[in-house]
Amino acid sequence: MGIDLPTTNYQSDLGQLTFERTAERTLLAERLGFDGALIVEQHGSPVGLFGNAMIGAAWLAGLTQDIKIAAVGPLMSAYSTPVRLAEEIAAVDNASGGRLIVGLPLGIGVQYHAMGVVNPSTARARYREANELLLKSLDSDEPFAWEGDHFNVPYVNLWPKPLQRPRPEIFVPAAGSRETLQLCARYRYVYQAVLVPRATLLRNAETFREACRQEGYESDPSQLALVIPVHVAETDAQARRELEPHLLWRFQNIFRFPFDQSFPPGHVSMNSLRGMMAGGYRSRGNDPGSMDYDELINRGWLIAGSPARVRQQLADTAGELGAGRIIIVTSDTMPSWLEQKWMTMFAEDVMPTFRPPGGRPTWDRERAPAYRTRSEFAARASKSPRPTALMDGRQVDVRTEYLGEELTSFPRT
Amino acid sequence: MTRRWLPFYDELAASRRVVVPEHPGFGDTPLPDRIDDFTDLVLHYADFANALGLEAFDLAGYGFGAWLAAEFAAFYPERLSSLVLIAPFGVRTPDTPAPEMFLRSARRSAADEFNGTAEHYGSYLVDGGEDETMLQDYAELSAMARVAWNPRYDRKLDHRLARVRCPSLILRPDEDRVVPAAQADRYAEILPNSRLQVLSSSSGPLGHAMIAQDPAGVAHAIGSFLDMPREGDSHL
């Protein structure tokens, strides 16, 4: 699979079904009590639905009421300036009632070929500057000029502001380059650990915690999110029967691009490339696409089994890594009815263990910044200036003018 | 093909003084952060020529180097006695997409550049071990990407090369599997005082790696051109 696969291979009904299943899965996740639903952004290949994660997030936010929606994530460099992304973030955050989580990936190598216009050899520097401009746009209460190396924006004045202040939570999906982990630590982002061999994952987690210490604080487990396939069934054997073919399909087909597509020139530094080659990135031991189910389980590429086993494995894995969040990778080939089965069993038999008594998701425990009803809005409303207009030579209050001389002291916010 | 004195350079040097700089980011030449477009590279080479005390000279370039030589010529036409472009790319060709330089596996690259005869050119392809070669190739491709990732042509050469009035020679191989013939053709169209020569070799088709496949033949074509009597109008 590559970014040059022609769309003569695309089947419209399957495409539509994939969107439909994404909606179904998200609504089910909400009803079952998952904390969030996450979508990705990919370009130029069948790997992802959304070429724009913010659009996907807006759609899902419109379909749901309470669950957090994570758009992981927009490629900042693809926007002509990150202020455009800030506008999208503010819009979706407001429209969703403050439920947005935003991811800021650098972008895997193939995206640079697929997008074409962002230079991989200057992408990291552009990303760093975009990150600072994005944060300032979201946070600033007055207009400012940005005069950088990569962006020159004379008037940055973001209206509206995001509902969550100072900003929605930001995840950075990363394979673990030191530079990215340092950035996560500095800005207090969530390091979203994409799946790499277990030993590397452990090293990365420790590197991240050390980077936080160097920034002067101890990281919270909620700052480390592990991405991993999870499956639960009545017994270990049943879980294997249900999952094995789908899992193998996934590891043998998804995100398997040829080297030259994955490493456009300048995408990695020479030191990183040298390190990768020394670490035997080509070796079979690090390639899940050539492993069988037992190897995948034993090497920690997934968690699967009975509820008891999954509870234990999750606790062990999360504990070992210091991860406070788990992002479950769903199986693209699994039929809807099987997906509903494992998700329901997971919600009833696994999730409560990892929650405070009562089993509520975060969005049902924490007080959201959004008001829920108009009466709450009225109670909270500050005394803002009332809109007036010049009418018949008088400056009139537009909201009460229709009452004419009957107006005495009608309370309006 | 960097970090070594090629047989091709020897052929040229038999009868004239030859200087072969390696571009920033190629060979052992460092790539400063401040170099991120062609004007930076052009100024780099103006400084280089000044450092060598060269006011006017014949300029030749090969492949990416030919694009760079054309850019230099557009900005400093008065410094050139002649311009030679070997298997060039970098102009926008109306009916043919720009050659793909960045999305090619190493194996496919060698096959395409040498027209299937790459196994005879091991010394050109592997330098210091397979891993070290791969790292060096990646570094050099990254240096080219810095200035040529997007767009993959310079549409301004369409009008700027009209300034280059010195005699120009464009050489292309008869069977280039990397760069479409339309590129050399277009350069010949827009350079006002130019000739186009298509080279073949007695031992088979000549491909993009022409300076490796037939160093004597390519050097001879260049030598004949440089030895031709010049008309007076080689300055702006």
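Below, the structure is looked at part by part. (Residues numbered from 1 in each chain as written. Chains lettered and ligands numbered in written order. Predicted model: local features only at pLDDT ≥ 70, side-chain atom pairs only at ≥ 80, totals over all residues.)

Thoughts on the overall build of chain A
No. 1: When helices and strands are tallied, chain A shows 14 helices and 12 strands.
No. 2: On C-alpha atoms alone, chain A measures out to a radius of gyration of 24 Å, which is about the 22 Å that the 2.2 N^0.38 rule sets for 413 residues.
No. 3: With the C-alpha coordinates aligned to their principal axes, the bounding extent of chain A is approximately 85 × 50 × 50 Å.
No. 4: Residues counted as buried form 32% of the 413 residues belonging to chain A.
No. 5: Sequence separation of at least 24 residues holds for 70% of the intrachain contacts in chain A that already meet a minimum separation of 6. (Helix = DSSP H or I, 4+ residues; strand = E, 2+ residues; numbered from the N terminus. Rg over C-alpha atoms; globule rule 2.2 N^0.38 Å. Buried ≥ 20, exposed ≤ 12 C-beta atoms within 10 Å, placed from the backbone. Contact = placed C-beta atoms within 7 Å.)

Overview of the interface of chain B and chain A
No. 1: Contact with chain B, which involves 15 residues of that partner, is made by 18 residues of chain A.
No. 2: The residue inventory of the side of chain B that touches chain A, partitioned by class, reads 8 nonpolar, 3 polar and 4 charged. (Nonpolar A, V, L, I, M, F, W, Y, C, P; charged D, E, K, R; others polar.)

Observations concerning the sheet that holds strand β3 (residues 168–173) of chain B
Backbone hydrogen bonds are what pair the strands of a sheet, in a parallel or an antiparallel way.
Residues and elements named next belong to chain B.
No. 1: Read from one edge of the open sheet, 4 strands run β1-β2-β3-β4, paired in parallel fashion. Every other strand in the sheet has two partners, leaving β1 (57–62) and β4 (194–199) as the edge strands with one partner each. Averaged over all pairs of adjacent strands, the angle between strand axes in this sheet comes to 15°, irrespective of strand direction.
No. 2: Pairing of β1 with strand β2 (residues 80–86) involves 6 bridges; the strand directions are parallel. Note on β2: the bridge partner recorded for D58 is S82.
No. 3: Most of the contacts of helix α3 (residues 64–75) go to β1, to which it runs at about 145°, and overall it touches β1 and β2. (Pairing = 2+ DSSP bridges. Axes fitted to C-alpha atoms, helices over the stretch in contact; angles between N-to-C directions.)

Side note on the nonpolar core
No. 1: Membership of the largest hydrophobic core comes to 76 residues, with the highest contact counts inside it found for A57(A), I69(A), A71(A) and Y191(A).
No. 2: Not counting residues within four places of it along the chain, the set of residues in contact with A71(A) comprises I39(A), A53(A), M54(A), G56(A), A57(A), L100(A), V102(A) and G103(A). (Core = buried A, V, L, I, M, F, W, Y, C linked by C-beta atoms within 7 Å.)

Some thoughts on the packing of helix α10 (residues 270–278) of chain A against helix α6 (residues 130–148) of chain B
No. 1: Following both chains from N to C, one finds α10(A) and α6(B) inclined at 155°, their axes separated by 11 Å at the closest point. Judged by the inter-axis angle, α10(A) sits roughly antiparallel to α6(B). Of the two possible hands of crossing, α10(A) and α6(B) adopt the one that is right-handed. Contact residues: α10(A) offers M270(A), L273(A), R274(A) and M277(A), while α6(B) offers D131(B), L135(B), Y138(B) and A139(B).
No. 2: In the contact of α10(A) with α6(B), the residues fall into 6 nonpolar, no polar and 2 charged. (Parallel < 35°, antiparallel > 145°, perpendicular 65-115°, else oblique. Left-handed = near helix turned anticlockwise from the far one by under 90°.)

What is shown is where atoms sit, not what they do.
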